[in-house]
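# Examination of the molecular architecture
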Amino acid sequence: MATTTTPIDRLRAALLRGRPGPGSPLADRRASLEASVSAEQSGVRIAPDPDGERVVPDELRTDRFVLHVHGGGFVMGSPATARSITAGLARACHAEVLAARYRLAPEQPFPAAVDDLVAVYRRVVSRYRPHRLLVSGDSAGAGLVLATLAGARDAGLPMPAGAVLLSPWSDLGSVAGSPPADSDLDPMIMAWQLAEMVELYRAGRPAAEVSPSGLDLRGLPPVLVQYGDRETLAPDAAALAGALRAQGVEVAERRWPDVVHVWHAFTPRLEAATLALAEVGAWSEDTWSRSGSGS
């Protein structure tokens, strides 16, 4: 009898075939990631911006705006490599999305990325009312969202209506305690990659010092946290949701079954990705309405 495979099974198999091995040069992995970018995304227009890349949906409402921070473990990625996510966010939220550019380690380690993103955030809130703004991020980019908002708060800048954290990585000291990260269940990210990224980003500083999860997160806006129950970093995401609640932040925690790290990037071919982004859109609509931008 033939074995029935699901879309996520086929995705895992493809990721397993293409994943790099320990010792593969960072330059090669960066180039491979950039080469995988899809130039075309349905239902949106893409345009360059001094701060990164703008993604404008065909069905646009002008009373909302999203600032997105791409992932890549602090060492890879760009606004273009997040295009499948930002296009999905733009469509789901009916909002223009600015995918921010920031400096990467090891050429520019901590705190360069945070400094860049706080500067971008400052420019965005000078042009858009904060209650019209959401800030989102995926993986390490989600952790950088927390660092950016904490830095903006400390600088006296107003907070956005909400924040969306997709498969967040925020505790850089948790790598050693991660589950078997080379497991076939989550071939999107591996233990050796996490360890390498932390070393390159922290540049000799203690991991706790550069971890967004270690920041004072009080006063942040409502947060949506989405992660998969089989992700390598699921324990980190769950702990982050708890830490945010403990500091008085309103948290909507959504744990998705049987998906990989940042599965959102595989929309529309993975139904779970499309559904997760639709959930982001519904949460965002409610958040904007409660903040007053829906009126």
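Described in the following lines is the structure provided in the data block.

## Observations regarding the sheet that holds strand S3 (residues 65-69)
The eight strands lie next to each other as S1-S2-S4-S3-S5-S6-S7-S8, forming an open sheet whose pairing is mixed. Looking at strand neighbours, the two that pair on one side only are strand S1 (44-49) and strand S8 (251-256), the edges of this open sheet. For this sheet the average axis-to-axis angle between neighbouring strands, irrespective of direction, equals 20°. This element, helix H3 (residues 83-93), spans S1, strand S2 (52-57), S3, strand S4 (96-100), strand S5 (133-138) and strand S6 (162-166) of the sheet and lies at about 40° to S2.

## Regarding the packing of aromatic side chains
For the structure shown, the criterion picks out five aromatic pairs. Aromatic ring contacts, followed pair by pair, group Phe74, Phe110, Trp169 and Tyr201 into a single cluster.

## Re helix H4 (residues 112-127)
Between the first and last C-alpha of H4 there are 23 Å, a value that for 16 residues agrees with the 22 Å anticipated at 1.5 Å per step. Residues of H4 that are buried include every one of Ala112, Ala113, Val114, Asp116, Leu117, Val118, Val120, Tyr121, Val124 and Val125, and no others. Tucked into the core, H4 has its buried residues touching S3, S4, S5, helix H5 (140-154) and helix H6 (191-202).

## Some words on the pattern of salt bridges
Inspection of the entire model under this criterion finds 21 salt bridges. Here arginine 202 makes a salt bridge to glutamate 199, at a shortest N to O gap of 3.0 Å. Placement of both arginine 202 and glutamate 199 in helix H6 is noted, with a separation of three residues, approximately one turn of the helix. For glutamate 253, the salt bridge goes to arginine 245, with nearest N and O atoms at 2.8 Å. A single network of salt bridges, built from pairs that share partners, joins Arg61, Asp63, Arg64 and Glu285.

## Comments concerning the environment of isoleucine 85
Within the element layout of this structure, isoleucine 85 appears in helix H3. Taking C-alpha positions, isoleucine 85 is 8.9 Å from histidine 70, a pair spaced 15 residues apart along the chain. In this view, isoleucine 85 contacts His68, Asp138, Leu166, Val262, His264 and Ala265; residues no more than four positions away in its chain are not counted.

## Describing the packing of H4 against H5
Two numbers describe how H4 lies on H5: the axes approach to 9 Å, and their chain directions differ by 60°. Between H4 and H5, the angle falls in the class oblique. Remark: the crossing between H4 and H5 carries right-handed chirality. On the side of H4, the interface is formed by Ala113, Val114, Leu117, Val118 and Tyr121, while H5 contributes Leu144, Ala147, Thr148, Leu149, Gly151 and Ala152. Among the residues making up the contact of H4 with H5, the classes are represented as nine nonpolar, two polar and no charged.

## Re the pairing of S5
Regular strands place their side chains on alternate faces of the sheet. Counting buried residues along S5, six of its six residues qualify, which places the element largely inside the surrounding structure. Where S3 and S5 come together, five bridges link them in parallel fashion. Considered in S5, the bridge of valine 66 is made with leucine 134. Following the chain from S5 across H5 to the adjacent parallel S6, one finds a crossover that is right-handed.

Reading the values: the criteria
Residue numbers restart at each chain and count upward from 1, following the sequence in its written direction. In view of the model being predicted, local features appear only for residues whose pLDDT reaches at least 70, and side-chain atom pairs are presented and counted only at 80 or more, with totals across whole chains, interfaces and linings using the full set of residues. Hydrogens and water molecules were not included; the side-chain quantities draw on all heavy atoms of the structure. Pairing between two strands is assigned when DSSP locates at least 2 bridges connecting them. The way it works is that DSSP assigns letters per residue, a run of H or I at least four long becomes a helix, a run of E at least two long becomes a strand, and they are numbered from the N terminus. Only the stretch in contact is used when fitting a helix axis, every axis being a line fitted to C-alpha atoms; angles between N-to-C directions are given from 0 to 180 degrees. Contacts: residue pairs with any heavy atoms within 4.5 Å of one another. Stacked, tilted and edge-to-face are the three classes applied to pairs of Phe, Tyr and Trp rings, where Trp contributes its six-membered ring and a pair requires centres within 6.5 Å; stacked means planes under 30 degrees apart, edge-to-face means over 60, and tilted covers the rest. Each helix should span, by expectation, one fewer than its residue count multiplied by 1.5 Å. Categorising residues by exposure relies on relative accessible area from a 1.4 Å probe, with only protein chains included: less than 20% of the type maximum marks a residue as buried, more than 50% marks it as exposed, and the intermediate range marks it as partly exposed. Each reported salt bridge corresponds to a side-chain nitrogen of Lys or Arg within 4 Å of a carboxyl oxygen of Asp or Glu. Oblique is the label for every angle not falling under 35 degrees (roughly parallel), over 145 degrees (roughly antiparallel), or within 65 to 115 degrees (roughly perpendicular). Left-handed describes a crossing whose near helix is turned anticlockwise from the far helix through less than a right angle; right-handed describes the clockwise counterpart. Polarity classes work like this: nonpolar for Ala, Val, Leu, Ile, Met, Phe, Trp, Tyr, Cys and Pro, charged for Asp, Glu, Lys and Arg, and polar for all others, with Gly in that last group. Crossover handedness is defined by viewing with both strands directed away from the observer: a clockwise path from the first strand over the helix to the second marks the crossover as right-handed.

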